[in-house]
Amino acid sequence: MAFQKAVKGTALIGGGAIATVFGLSQFSQYRNKHGTLVHVQAAEAVPVPMKSHFPTREQQILALQTTSEFDVLVIGGGATGCGCALDAVTRGLKTALLERYDFSSGTSSRSTKLIHGGVRYLQKAIMKLDFEQYRMVKEALEERANLLEIAPHLSAPLPIMLPVYKWWQLPYYWIGIKLYDLVAGSQCLKSSYVLNKSRALELFPMLRKDKLVGAIVYYDGQHNDARMNLAIALTAARYGAAMANYAEVLHLLKRRDPAGGKERVCGVRCRDVLTGQEFDVKAKCVINATGPFTDSVRKMDDQKVPNICQPSAGVHIVMPGYYSPGNMGLLDPATSDGRVIFFLPWEKMTIAGTTDSPTDVTSHPIPTEEDINFILSEVRNYLSADVEVRRGDVLAAWSGIRPLVTDPSSKDTQSISRNHVVSISESGLVTIAGGKWTTYRAMAQDTIDAAIQAHDLKAGSSKTIGLQLQGAENWSPTLYIRLVQDYGLESEVAQHLASTYGGKAFEVAKIAQVTGKRWPVVGKRLVSEFPYIEAEVVYGVKEYARTAVDMISRRTRLAFLNVQAAEEALPRIVDIMGRELNWSEQKKKEELEAAKKFLYYEMGYKVKSDQLTDRSEISLGPSDIERYKKRFHMFDKDKKGFITILDVQRVLESISMQIAENTLHDILSEVDLNKNGQVELNEFLQLMSAIQKGHVSGSRLAVLMKTAEESLRRRGVIPVDRSGGGALREDTDTQPLPAPSSLLTTFQCSRVSLLAPGDRCLSVPLALSEIHCCVCTHDLRLSVWL
C-alpha cells in the first residue's frame, strides 16, 4: 500500500516539472534540422558512390602522397575525427584523415560503452535552469536514436536499474527518469517503469536486499565503442576518403594569403610511422579533432594560444559476467564522493566505472590501484553480502582521458559540461573539442558546416543522418543462424561474428580455417573461453590493423575483457599477423614485447600482478600455515625450500595427469615473484594469503596443487582426455566400479582453456558435495548422478 501511495504521489509532484520540460521541448527548434532515419534516402542523397571494398593502407598512403590538394584534412582518428571525415566525404568534398596511432586507440575505445543522453546532465539542466545543458541532453538523445539505427549490429538498447533504498527517493528519481523519457519524445527507446522490491531482486538477484524499497528501470543504448569507431572510418574509406592510421602530423604547413597578407594553414607535414617516410599533405581546410591532444595541435598553429581543454581521467574495470545479469545494468546515482558509477553487462562480462579526476595528457594512460579500489568499494555497497566482491576478480582495467571543454582557470572537472565547441583560428585551423561519444555525428556536422563557411568550400548539407555504417547493410538479428548453417561455425562464434561485423561476417567466415573436428567445421578459437577466431586476425589486417596491440584491443576486444586471455592469445596472433604482413622474426619478437607492455601498464595487468609481490603480507593463521606447508612439501620432496617444473611434473605423473611443459612454465611464472624459475615456500604462502583475502583469484598453481594433494590421498584416479566441447559430460571410456558410493566419474569442463590439447584433467567422485575444475577453478557443484 505504501509503495502504491508513493508512486501516486510521485505523479502529482512531477506534473509541473513534466509540463515545464515539455514546454522547453516544444520551444527548442533543434529537432527541425533532423530528418527521418531512412537508410535508402540517406544513401541515395550522397553525391559520391560507395565502393564495395575499402582500399588497402598502402593505397591510402599513395593517395595522400599523390593528391595535389584535398578539400578537407582531418587530424585525429577517434570517433569525432572519423565522423568529420565521413560527413565531409559524403557531401562530395575531397577528404583525408591522419591518425598518429590506430583508429580509436585513444579515448574512443576506453569509454563506458554507453550511448546515452546523460541522466545527470538533465538533472543539472532542470535544477539550474540551464538551457544549454538541456539542449545537450536533447541532442544526445536524438543522436542515440540515430546511432542505434545506423549500426544495429554494434549497438542495442540496454535496461538500466536504479535501485532505491529510501522511500522519499522513489518519487524524486521517478520524476527525473520520466523527464528523461519525455525529452527523448518519439525517440524514447522504451518507457521506464517502477519495480517493487521482490521484482527488482528477481531481475537483479545480486542486489543488496536490506532496506531496498524498489527500483526504477530506464533504457539507454550500449555499443562496442572501438568497433563502432572503426565502422565509421571504414565507411568513410569506402566513400572515397583517404584514411591512414600510423600517420603522424609533424607540423602544420602555412602560406601567405595574397589578398589579406595573413598566414593561412594549407596542410601538414606528416610521417608514415611504419616506414619512417615523410611527405606533405595539402588541403584547403585542416580540422583538429584530436581529443585530449587538442591544445598541442592548436599550439602548432599558435604557441601563445590559451588552453581550452582540461583532461579528466575515467577508470573502468571488467569483472566476470556472474557479477551482473546478462541483460540488466545498474546505476549508482550518488557514490560516496558524489560521482556516478555504472555497473553494466558487456560482451558477457561486467563493466564497472567510471571515475572522474583531473589528469595530465598522455598517449598511454594507466589505471591506478586507488581508482580500482574506489570502484570496487562502490560496487560492494550495492551488491548482496552473499556476493564477495574480490580484488582478484578484476580481469582488466583501463583509463581513458576525456577532453572536457573548460575555462583554463577551472579546477573542478566534475561540474564541466560535455558540450562541444567549434573554433576557427586566425590562420583558418578548425578545432572541434569537447562533446561525448554519443554526439560524434552532430559534432562532425557542426564542424564541417563551420569549415565550409570559413573556407568557402562548395558542398551541400550533411548526409549522415540515417546513413548506415560498415556492416549494417544486410544485417538481421538471425544472421548468425545462416553462418552456422552455411559454414559450420559454433553458435557462439557465429553470434559474435554477426554482432561484430554485421553483414560482413560472411567475409570472415569464408576465410575461417577448417578445424578437422566433427564440430565446429571451421573457426579455430584464439582462446577457448572467448569466441574470437584466427580468421579475425587475417581480416583485421585488411581493416588496417598493423600491430598486435591493434588486434587484441580494437579489432578484437580481448585486452579489455581479460588481460591474461589476451596474453595467451598473443603468440598465435603475432604468428598470423607476421605471415600476413611479412614480419621478420625480430619484428615478431618486438610486437610480442610491445603488446605485453601494453597489457601490463595500460590494461591493468601491472596492478593485478602487484596484488602478489615479494613484499606481500602473509596473514594466515597457524593452522593454515601448517596445512599449506604440508601441501608444498608434497611437491618439494627433497626439502629444498622451493619447487620447480620438474617437481610439479613428478607429482602429476604419479597421478596420471599430464600438462605441457610450456603451460607449466606459465603457471609457475604467475607465482614466481623473484623470477628465478622456481616457487619458494614464502612465495607460495604469500599466494595463499592473497587468495584468502580475495586479492587474487583463479590461481592455476594453487588449484593444481590442491587438486593433486586430494588426488594423492584418494589414489584411485581415472584420467580423462581434455576436449574442447560440452559443459559437463561423462567420459564414455570410464570403467564401471562396483560400489555406487565410491563411484568415480570423469568430467570435462568447457571453461578450461589453460591446458594444451591432449592434456589430462582429474577424475572426481561424483558423490562429492563440492567439485571444482582442476585448472580453471570453475565451480562444478551442479553435476548430478548419471
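Preceding block: the structure.
Just so we're clear, the structure is a prediction, and the values are computed from it rather than from any experiment.

Asker: Honestly, the environment of Arg271 in this entry has me stumped. Any pointers?
Answerer: Assignment of secondary structure puts Arg271 in strand S9 (residues 263-272). In the structure, Arg271 is positioned 21 residues away from Leu250 in sequence and 7.0 Å away in space, judged by C-alpha atoms. Once residues lying within four places of it in the same chain are set aside, the contact partners of Arg271 are Tyr246, Ala247, Glu248, Leu250, Gly276, Gln277 and Glu278.

Asker: Explain the environment of Gln123 here, please?
Answerer: Along the chain, the position of Gln123 falls in helix H5 (residues 119-127). Residue Gln123 is classed as partly exposed on the basis of its relative accessible area of 39%. Distance in space between the C-alpha atoms of Gln123 and Ile177 is 9.5 Å, their sequence separation being 54 residues. Reaching out from Gln123, the side chain makes a polar contact with the side chain of Tyr172 at a distance of 2.7 Å.

Asker: I keep staring at the nonpolar core and nothing clicks. Help me out?
Answerer: General note: in soluble globular proteins, nonpolar side chains tend to be found buried as a group. Counting residues in hydrophobic clusters, the biggest one holds 48 residues, and the most contacted among them are Leu86, Phe103, Met243, Ile287, Tyr440 and Leu469. Elements with a contribution of two residues or more to this core: strand S1 (70-75), helix H4 (79-89), helix H6 (131-150), helix H9 (225-238), strand S10 (278-288), strand S18 (430-434) and helix H12 (440-455). Examining the composition of this core, we find that eight residues originate from one element, H9, more than from any other. Contacts of Ile287, omitting those with residues within four sequence positions, involve Val72, Leu73, Val74, Ile75, Val430, Ile432, Thr447, Ile448 and Ala451.

Asker: Help me out: how do you make sense of the side chain of Asp102 in this one?
Answerer: Mapped onto the secondary structure, Asp102 falls in the loop between strand S2 (95-98) and strand S3 (114-115). Residue Asp102 is classed as buried on the basis of its relative accessible area, which comes to 0%. Apart from the residues lying within four places of it in its own chain, the contact partners of Asp102 are Asn245, Tyr246, Tyr544, Asp550, Arg554 and Arg555.

Asker: Sorry, what's going on with the pattern of salt bridges here?
Answerer: A side chain with one charge can pair with a side chain of the opposite charge if their charged atoms come near. A complete count under the given rule lists 41 salt bridges for this structure. For Arg390, the salt bridge identified is with Asp393, shortest N-O distance 2.9 Å. Through salt bridges with shared partners, a single ionic network connects Asp102, Asp550, Arg554 and Arg555.

Asker: Explain the packing of helix H17 (residues 548-555) against helix H20 (residues 585-602) here, please?
Answerer: Working note: a packed helix pair is described by the angle between its axes plus the distance between those axes. Look at H17 against H20: their axes get within 8 Å of each other, and the N-to-C directions meet at 40°. The orientation of H17 with respect to H20, classified from their angle, is oblique. Every residue of H20 that contacts H17 at Ala548, Val549, Ile552 and Ser553 is listed here: Glu591, Ala594, Ala595, Phe598 and Leu599. When grouped by side-chain class, the residues that make up the contact of H17 with H20 number seven nonpolar, one polar and one charged.

Asker: Just checking my understanding: could you explain helix H13 (residues 479-487) for this structure?
Answerer: Think of an α-helix as 3.6 residues a turn; residues three or four steps apart then line up on the same face. Listed as buried for H13 are Leu479, Leu483 and Val484. The arc enclosing the buried residues of H13, seen along the axis, measures out at 150°, which places them on a common side. Away from its buried face by more than 90 degrees, H13 exposes Gln485 and Asp486. Packed against the buried residues of H13 are helix H14 (491-501) and helix H15 (505-510). Positive backbone phi, approximately 75°, marks Gly488, located one or two places after H13.

Asker: Sorry if this is basic, but what is going on with helix H22 (residues 622-635) here?
Answerer: Between the first and last C-alpha of H22 there are 21 Å, a value that for 14 residues agrees with the 20 Å anticipated at 1.5 Å per step. Turning to H22, its buried residues number three or more, namely Asp624, Tyr628, Arg631, Phe632, Met634 and Phe635. Down the axis of H22, the sector holding all buried residues measures 150°, keeping them to one side. Exposed residues lying more than 90 degrees from the buried face of H22 are Pro622, Ser623 and Lys630. Structurally, H22 contributes buried residues whose contacts are with strand S19 (642-643), helix H23 (645-654), strand S20 (679-680), helix H25 (681-692) and helix H26 (700-714).

Asker: Looking at this structure, how should I read the side chain of Arg91?
Answerer: Positionally, Arg91 belongs in the loop between H4 and S2. Classification of Arg91 by relative accessible area gives buried; the value is 4%. Within the local environment of Arg91, its side chain forms a polar contact with the side chain of Asp87, the two groups lying 2.6 Å apart. There is a polar contact of 2.8 Å between the side chain of Arg91 and the side chain of Asp449. With residues up to four places along the chain from it excluded, the contact list for Arg91 reads Pro47, Gln445, Ile448, Asp449, Ile452, Ala459, Gly460, Ser461 and Ser462.

Asker: Please clarify how unusual backbone geometry should be interpreted in this entry.
Answerer: One can expect most non-glycine residues to show negative phi and most peptide bonds to be in trans. Here the amide bond leading from Gly353 into Thr354 is cis, since omega sits at 20°, within 30 degrees of zero. Tracing the sequence through the fold places Thr354 in the loop between strand S14 (349-353) and strand S15 (357-358). A cis amide bond links Trp519 to the next residue, Pro520, at an omega of -5°. Following the sequence through the fold, Pro520 ends up in the loop between H15 and helix H16 (534-542). Here Tyr544, not a glycine, exhibits a phi torsion of approximately 75°, which is positive. Along the chain, Tyr544 turns up in the loop between H16 and H17. Even without being glycine, Ser656 reaches a positive phi, approximately 60°. With respect to the helices and strands, Ser656 occurs in the loop between H23 and helix H24 (661-669). The partly exposed category is assigned to Ser656, whose relative accessible area is 39%.

Conventions we followed
Residues numbered from 1 in each chain as written. Predicted model: local features only at pLDDT ≥ 70, side-chain atom pairs only at ≥ 80, totals over all residues. Heavy atoms only, no water. Helix = DSSP H or I, 4+ residues; strand = E, 2+ residues; numbered from the N terminus. Contact = heavy atoms within 4.5 Å. Buried < 20%, exposed > 50% of the residue type's maximum accessible area, 1.4 Å probe, protein only. Polar contact = N/O pair within 3.5 Å; in protein donor to acceptor, adjacent residues only side chain to side chain. Core = buried A, V, L, I, M, F, W, Y, C linked by side-chain atoms within 4.5 Å. Salt bridge = Lys/Arg side-chain N within 4 Å of Asp/Glu carboxyl O. Axes fitted to C-alpha atoms, helices over the stretch in contact; angles between N-to-C directions. Parallel < 35°, antiparallel > 145°, perpendicular 65-115°, else oblique. Nonpolar A, V, L, I, M, F, W, Y, C, P; charged D, E, K, R; others polar. Arc of directions from axis to C-beta. Expected span 1.5 Å × (residues − 1).

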